[in-house]
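Structure at a glance
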Amino acid sequence: MTADPLTLDDFTFVAAFVHDRAAIVLDASKEYLVQARLRPLVRQFECDSIHALIACLRERPTRELEQAVVEALTTNETHFFRDTAFYEVLRDGVLPRLIAARRASRRLTMWCAACSSGQEPYSVLMLIHEHFPEILGWNFKFIVSDISQEMLERTRDGRYTQHETNRGLPAQLLTKYLDRDGIKWQMKPNFRKLLDVREVNLAKAWAPMPPIDIVFMRNVLIYFGVDTKREILARVGKVMSPDGLLFLGGSETLFGIDDTFRRSEFGKASCYGLAKVPVSP
Ligand SMILES: C[S@@+](CC[C@H](N)C(=O)[O-])C[C@H]1O[C@@H](n2cnc3c(N)ncnc32)[C@H](O)[C@@H]1O
């Protein structure tokens, strides 16, 4: 395998391809990242160089190669209980309020829209099981999605290395909710079954969804341009329940981007409700 550098032309092609497929913006500063992420695919697709791999993507693309390039250029960084303020707001403000509002209907639907390898939805489930177990006996749906098939498979499997569990998962929750599996740990089957894991590319049309009470869209909008963020947020507004809430990552804000949402009174985490409750058709 030749570790040949990426030409400007190749970089421009890959950046346009990934933007078209996933809306991910790769500016010139990401040239090194693209090169590092594509290098393993050179061997996997039996090419001689990154240039040859990209020529193949241009001239005789297969679905497998296209998917592999998109997946290689997603950033899947995540860990258990990422951003303490988010979990505190969920536990102390958002869930108690929604539970009170839904006690009669006994329905609650949540959507984790960029789940990566699953640590985020499993952390939310552990928090619910610890503090609000009654919801799990309701008509409770937890849709969990990502663009990456590899990440969806990892989420379904719920298997984590010791290093991954060391990142954010308290020891008492580890032994309570995961089983040892050789050198790894796996989420217990009854927990894995609670997730409805599906592919959703946020940048393309979404399959119909039920009204969502809480949308977790954390640390993903940062990869998109402003117009894409606006389009996605407008669609989130349409799938959310009138009193539903949207969570973004700790460093993300909708300020100056979107007026569909207003920052909620819960404060410490980036949590948003609909600015205007939509009129029913
Ligand atoms: C940095 S991770 C965030 C994981 C988790 N939400 C968290 O906050 O820890 C970003 C995830 O967004 C996904 N992603 C990137 N572009 C996407 C798109 N167009 N549609 C859906 N998911 C996408 C990636 O595959 C990746 O798993």
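Here is what the cut-offs are and how they apply
- Residues numbered from 1 in each chain as written.
- Predicted model: local features only at pLDDT ≥ 70, side-chain atom pairs only at ≥ 80, totals over all residues.
- Heavy atoms only, no water.
- Core = buried A, V, L, I, M, F, W, Y, C linked by side-chain atoms within 4.5 Å.
- Buried < 20%, exposed > 50% of the residue type's maximum accessible area, 1.4 Å probe, protein only.
- Helix = DSSP H or I, 4+ residues; strand = E, 2+ residues; numbered from the N terminus.
- Domains from an automatic or database assignment.
- Contact = heavy atoms within 4.5 Å.
- Axes fitted to C-alpha atoms, helices over the stretch in contact; angles between N-to-C directions.
- Parallel < 35°, antiparallel > 145°, perpendicular 65-115°, else oblique.
- Nonpolar A, V, L, I, M, F, W, Y, C, P; charged D, E, K, R; others polar.
- Near = heavy atom within 4 Å.
- Polar contact = N/O pair within 3.5 Å; in protein donor to acceptor, adjacent residues only side chain to side chain.
- Areas by Shrake-Rupley, 256 points an atom, 1.4 Å probe, with all protein chains shown as cover.
- Pairing = 2+ DSSP bridges.
- Buried area = accessible area lost by both parts, 1.4 Å probe.
- Salt bridge = Lys/Arg side-chain N within 4 Å of Asp/Glu carboxyl O.
- Phe/Tyr/Trp six-rings, centres within 6.5 Å; stacked < 30°, edge-to-face > 60°.

Attention now moves to the nonpolar core. If you look at the biggest cluster of nonpolar residues, it comprises 54 residues, and the most contacted ones within it are L38, W111, L202, M217 and L246. Breaking this core down by element, the ones donating at least two residues are α1 (8–22), α2 (31–44), α3 (50–59), α4 (63–72), β7 (212–216), α11 (226–239), β8 (240–247) and β10 (271–274). The element that contributes the greatest number of residues to this core is α1, accounting for 6 residues. Of the residues that make up this core, three or more belong to each of domain 1 (8–72) and domain 2 (84–274). Residues contacting M217, with those up to four places away along its chain left out, are W111, A113, L202, I232, V236, L246, F247, L248, G249 and E252.

Two numbers describe how α1 lies on α4: the axes approach to 10 Å, and their chain directions differ by 95 degrees. By the criterion of interaxial angle, the relationship of α1 to α4 is roughly perpendicular. Across the interface between the two elements, F17, V18, R21 and A22 from α1 touch E66, V69 and V70 from α4. Considered class by class, the residues forming the contact of α1 with α4 number 5 nonpolar, no polar and 2 charged.

Further remarks concern the site of the ligand. Surveying the vicinity of the ligand reveals 21 residues, the closest of which are T78, A114, E120, D146 and N219. Between an oxygen atom of the ligand and a side-chain N or O atom of N76, the distance comes to 3.1 Å. In this structure, a nitrogen atom belonging to the ligand sits 3.0 Å away from a side-chain N or O atom of N201. The fraction of the free accessible surface of the ligand (610 Å²) that becomes covered by protein chains is 99%.

All right, on to the sheet that holds strand β3 (residues 159–161) then. Taken together, the 3 strands give an open sheet; going across it, the order is β3-β5-β4, and neighbouring strands pair in antiparallel fashion. In this open sheet, the two strands that pair with only one neighbour each are β3 and β4 (178–181). Sheet twist, expressed as the average angle between the axes of neighbouring strands with direction ignored, equals 30 degrees. By the bridge criterion, 3 bridges tie β3 to strand β5 (residues 184–187) in an arrangement that is antiparallel. Counted as the bridge partner of T161 is K184 from β5.

A few words now on the sheet that holds β7. Sheet strands line up and pair through hydrogen bonds in the backbone, either parallel or antiparallel. Spatially, 7 strands are ordered β6-β2-β1-β7-β8-β10-β9 in an open sheet, and the strand pairing comes out mixed. Edge strands, defined here as strands with exactly one partner in the open sheet, are β6 (195–199) and β9 (261–263). Adjacent strand axes in the sheet meet at a mean angle of 25 degrees, parallel and antiparallel pairs treated alike. Note that β8 and β10 share 3 bridges and pair antiparallel.

Relative to the helices and strands, P170 is located in the loop between α8 (162–166) and α9 (171–177). Along the primary structure P170 and F216 are separated by 46 residues, whereas in three dimensions their C-alpha atoms are 22 Å apart.

With that settled, consider unusual backbone geometry. Trans is the common state for peptide bonds, and a negative phi is the common state for residues other than glycine. Its identity is not glycine, yet D83 carries a phi of approximately 75 degrees, on the positive side. By the secondary structure assignment, D83 is in the loop between α4 and α5 (84–102).

Right, let's get into the domain arrangement of the protein chain. Along its sequence, the protein chain is organised into domain 1 (8–72) and domain 2 (84–274). Once you take the C-alpha centre of each, domain 1 and domain 2 turn out to be 30 Å apart. With 9 residues of domain 1 at the interface, the matching set in domain 2 holds 11 residues. Contact between domain 1 and domain 2 buries roughly 730 Å² in total, counting both sides, with carbon and sulfur atoms accounting for 50%. Linking domain 1 with domain 2 are 0 salt bridges. Every element with two or more residues in the side of domain 1 that touches domain 2 is listed here: α1 and α4.

The subject of this paragraph is the packing of aromatic side chains. This structure, assessed with the given rule, holds 11 aromatic pairs. Note on W111 and W206: the rings are 5.1 Å apart at their centroids and 75 degrees apart in plane angle, and the pair reads as edge-to-face. In this pair, W111 sits in strand β1 (residues 107–112) while W206 sits in the loop between β6 and β7, placing the two residues 95 residues apart along the sequence. Taking the relative accessible area as the measure of exposure, W111 reaches 0% and is therefore buried.

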